[in-house]
Structures are given as structure tokens and as C-alpha cells.
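Close look at the chain arrangement
Single-letter residue listing:
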Amino acid sequence: MTFSENLISTLKNAESICVLTGAGISAESGVPTFRGEEGLWKKFKPEELANFDAFICNPDLVWEWYAYRRRLIHEVKPNPAHYALVALEHFANNFTLVTQNVDNLHRRAGSKNVLELHGNIERSYCIQCRALAPDAVPEGPTGVQRCTKCGGLVRPDVVWFGEMLPLEVFSKAESAARQCDIFFSIGTSAVVYPAASLPYTALDHGAFVVEMNLESTDLSSRAHEVLTGKVGEILPDLLLQAGIQLQGEQ
Ligand code: BJW
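Chains are numbered independently. Their residues run from 1 in the order of the written sequence. Thresholds applied to this predicted model are a pLDDT of at least 70 for local features of residues and 80 or more for the giving and counting of side-chain atom pairs; totals over whole chains, interfaces and linings are not thresholded and use all residues. Where side-chain values are given, they derive from all heavy atoms of the structure, hydrogens and water being excluded.

What follows is about the side chain of Glu211. Along the polypeptide, Glu211 turns up in strand β7 (residues 208-213). Burial classes follow relative accessibility: with a 1.4 Å probe on protein chains only, a residue under 20% of its type's maximum area counts as buried, one over 50% as exposed, and anything between as partly exposed. Here Asp and Glu are counted as negative and Lys and Arg as positive; His is not counted, and neither are the chain ends. A side-chain nitrogen of Lys or Arg and a carboxyl oxygen of Asp or Glu constitute a salt bridge if their distance falls within 4 Å. Summary of buried charges: Glu211 has no salt-bridge partner, and the nearest side chain of opposite charge, Arg222, is 12 Å away. Counting from the N terminus, the helices are DSSP H or I runs at least four residues long and the strands are E runs at least two residues long.

What follows deals with the pattern of salt bridges. A side chain with one charge may pair with a side chain of the opposite charge, provided their charged atoms come close. Using the criterion set out here, one finds 5 salt bridges in the structure. Salt-bridge contacts for Glu163 lead to Arg155; the nearest nitrogen and oxygen are separated by 2.7 Å. For Glu163, a relative accessible area of 24% puts it in the partly exposed group. Overall, the relative accessible area of 3% leaves Arg155 in the buried class. One salt bridge connects Glu168 with Lys172, and the closest N-O pair in it is separated by 3.7 Å. With Glu168 and Lys172 both in helix α8 (residues 167-179), this residue pair falls 4 residues apart, about one helical turn.

Aromatic pairing here means that ring centres of Phe, Tyr or Trp (its six-membered ring) are within 6.5 Å. Orientation follows from the plane angle: under 30 degrees is stacked, over 60 is edge-to-face, and everything else is tilted. Under the defined criterion, the tally for this structure stands at 3 aromatic pairs. Geometrically, the ring pair formed by Phe55 and Trp160 is tilted, given 5.4 Å between the ring centres and 45° between the ring planes. Of this pair, Phe55 sits in helix α4 (residues 52-57) while Trp160 sits in the loop between β5 (154-158) and α8, and the two are 105 residues apart along the sequence. By relative accessible area, Phe55 is classed as buried at 0%. Aromatic side chains Trp65 and Tyr66 sit 4.9 Å apart centroid to centroid with 75° between the ring planes, which places their arrangement in the edge-to-face category. Here the two residues Trp65 and Tyr66 agree in accessibility, since each one is buried. Joined through ring pairs, the aromatic side chains of Phe55, Trp65, Tyr66 and Trp160 make up one cluster. We call a charge positioned over a ring when the NZ of a Lys or the CZ of an Arg lies within 6 Å of the ring centre and within 35 degrees of the ring normal. When the ring centre of Trp160 is taken as reference, the NZ or CZ atom of Arg155 above it lies at 3.9 Å.

Our focus in this paragraph is the site of the ligand. Near the ligand, the surroundings consist of 37 residues, among which Arg35, Tyr66, Thr188, Ser189 and Asn213 are the closest. Within the backbone of Glu163, one N or O atom sits 2.8 Å away from a nitrogen atom of the ligand. In this structure, Val231 approaches the ligand through a main-chain N or O atom, which is 3.0 Å from a nitrogen atom. Protein chains shield 77% of the accessible area of the ligand, which is 1,500 Å² for the free molecule. Where the shell around the ligand is concerned, the elements lending two or more residues are α2 (24-27) and α5 (59-75). Partitioning the shell around the ligand into residue classes produces 19 nonpolar, 11 polar and 7 charged. Looking at which domains feed residues into the shell around the ligand, each of domain 1 (5-31 + 78-118 + 164-241) and domain 2 (39-75 + 122-158) gives three or more. The near set for a molecule or strand comprises every residue that places at least one heavy atom within 4 Å of it. Polar contact is the term for a pair of N or O atoms within 3.5 Å; when the atoms are in protein, one must be able to donate a hydrogen and the other to accept it, and sequence-neighboring residues count only if both atoms are side-chain atoms. Accessible surface area values rest on a Shrake-Rupley calculation with a 1.4 Å probe, where residue burial reflects the displayed protein chains alone. Amino acids are sorted into nonpolar (Ala, Val, Leu, Ile, Met, Phe, Trp, Tyr, Cys and Pro), charged (Asp, Glu, Lys and Arg) and polar (every other residue, Gly among them). These domain limits were set by an automatic method or by a database of domain assignments.

As a further point, take the sheet that holds strand β1 (residues 16-21). Pairing between two strands requires that DSSP report at least two bridges joining them. An order of β3-β2-β1-β6-β7-β8 is seen for the 6 strands of this open sheet, with the pairing classed as parallel. This sheet does not close on itself; its edge strands, each paired only once, are β3 (114-116) and β8 (225-228). Neighbour-to-neighbour, the strand axes of the sheet open up by a mean angle of 15°, direction not taken into account. Sheet topology note: the β1/strand β6 (residues 182-186) ladder contains 5 bridges and is parallel. Every axis corresponds to a line fitted to the C-alpha atoms, with the helix fit spanning only the stretch in contact, and the corresponding angles, defined between N-to-C directions, vary from 0 to 180 degrees.

Quick look at the structure:
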């Protein structure tokens, strides 16, 4: 892909870079997205399972959904897009990676400054006494886990619909979006708020906004550049053309 000179020079000269990622960045690792044609969760809409009421009504089903995804995530590896973001973090003076993903793949690739807006599937806690479950939740018997301290239901430490995002994490993300020179919205349908507000915050504060996605989204008409295609191909290519050294597994 050939990139515009404007994009290349804005990237090379950026003092501060902010990136928002969604499920699409992990798709090439083999993790299904939530929505769209490729979404494996077509059987269930995320709104139906990713909420507290669904968990209370059918804890075993919701727990199984997360247990299945946890197993899947353990079997996959970060892909060239995750590694390209590690290289971008090394390159930039000021770099913030904001992710909606709970799959831990950015950290596994080596990214350091990661803000997880929707939590992390590797952690779980008791809804009654709030105790964190032991590091690795046993995957043996099916069905929801119970707290070893009080017997309460154990849930994944993720943010469901209708729940607040971790305040401090979101406030750091907003501040990075306000301060950056260039903002990348990568592999997200940009429909879930407040995460979807971040590119608009960046636009309002004068950042150059770039979208990378297989398809267009509500953001596409407002972004300065829309790069259509697989992020695992586009992002490493962009870095190469900007003279930014790729590292790690590509
Ligand atoms: C590729 C690719 C490749 C594929 N290369 N691209 C109106 C305004 C503001 C808010 C609301 C509103 N109406 C309702 C709300 C509230 C609600 C909301 O936003 N709903 C919308 C659906 C309308 N938001 C909330 O409830 C949030 N909390 C909140 O607002 O708190 C305040 C509050 C509290 C109480 C009362 C009222 C207000 C919380 C949202 C939590 C979202 N949680 C989930 C589950 C997390 C745990 C888990 O993983 O199970 O987060 S839902 C799910 O969606 C998950 C994702 O992080 C999130 C976003 O999805 P994402 O990442 O964009 O994935 P997809 O699948 O949608 O898109 C993938 C994209 O990749 C596609 O575009 C593909 O084309 C692309 N792609 N392969 C490039 N190779």
C-alpha cells in the first residue's frame, strides 16, 4: 500500500501518539471479533452475554463463554500488528496504547504503556466479597466458579454493558487522546461508548486521525486517513515506509 506523504510526515514528526485498538487487531491471531461477518459470536450478540443480568440469570453459560475464550486466547500468539505497536512505542517520545481488548495480546507482544478500558479476561473476582480469584482460574469442571472465601459467584474482571469503565484508566486515555499529534483507531467497529468517543476527542483537539479497518465505520467520514485492509499487513508496512524500525517477531 502506498501511504500519503502527509501521513508519513505527520507520523515521523509526531511528539505524541495515541492508539485505540479493538477486536480486529487480534483477528489475525485467530481471536474472533464481536460483530460483523467474521464475528464468531454470531450465535450470541455481545449485548446478550456481556452484561451483569445475563450473568445472574445464567452464570454457567456466561462463565462458559469466557472459559472458552480464555482457552482460545492461551492457544494463540500476538501477530505482526501487535508487534508493530511495540516498535511504535519504542519510536515515539510519548506513546499511549488504549485497548478495548481483554485478551492480553498487547502485553504478551511486549507493549508496556497499555490502558485496558474493558478489563482483562485473565483476572476474575467474587461479586460478593470482591476478592480477586487466584491467578489462574481452574478450567477443569464446567460451570461458574465459586469464591473460596465466601462462596459467592466469581466473574471475569471485564467491563460489561451498563458498567462503568475504570475511571482512572479512562481518564488517562482521554488525556492521551487530547494531547496526541496523531491518533490511530485500529480494528474497532467504533460503536461501543465511551471508547468510541476517543477519536472524536482527538479530532476536537487537532490530532491527525487515522483509521485502519476492513470496512468503514461511523468514524470513517471524519478521519483524515482511512486505510482499508488487514491491520497485520498495513501497520508494519506503514512503519517500514516511515523508516521506523520493526522489532520482535514479525
Ligand atoms: C479488522 C480486521 C483486520 C476485523 N484488520 N480490521 C450511546 C452513547 C453512549 C453510550 C451508550 C449509548 N447507548 C448505550 C450506551 C452504553 C453502552 C454502549 O456503548 N452501547 C452501544 C452498543 C450503543 N456502553 C456501555 O455500557 C459502557 N459503559 C458505560 O457507558 O458506562 C456508563 C454508564 C453506566 C451505567 C449506565 C449508563 C451509562 C460499557 C461498555 C462495555 C463493553 N464491553 C464489551 C465486552 C468486554 C468483555 C468481553 O470481551 O467479553 O467490550 S462489548 C464488546 O464490544 C467488547 C469490545 O471491547 C467492544 C467493542 O468491540 P470492538 O473491539 O470494536 O469489536 P467489533 O467486533 O465490534 O469490531 C471489530 C472491527 O474490526 C470490525 O469493524 C472489523 O471490520 C474490524 N476487523 N478484522 C482490520 N484483520
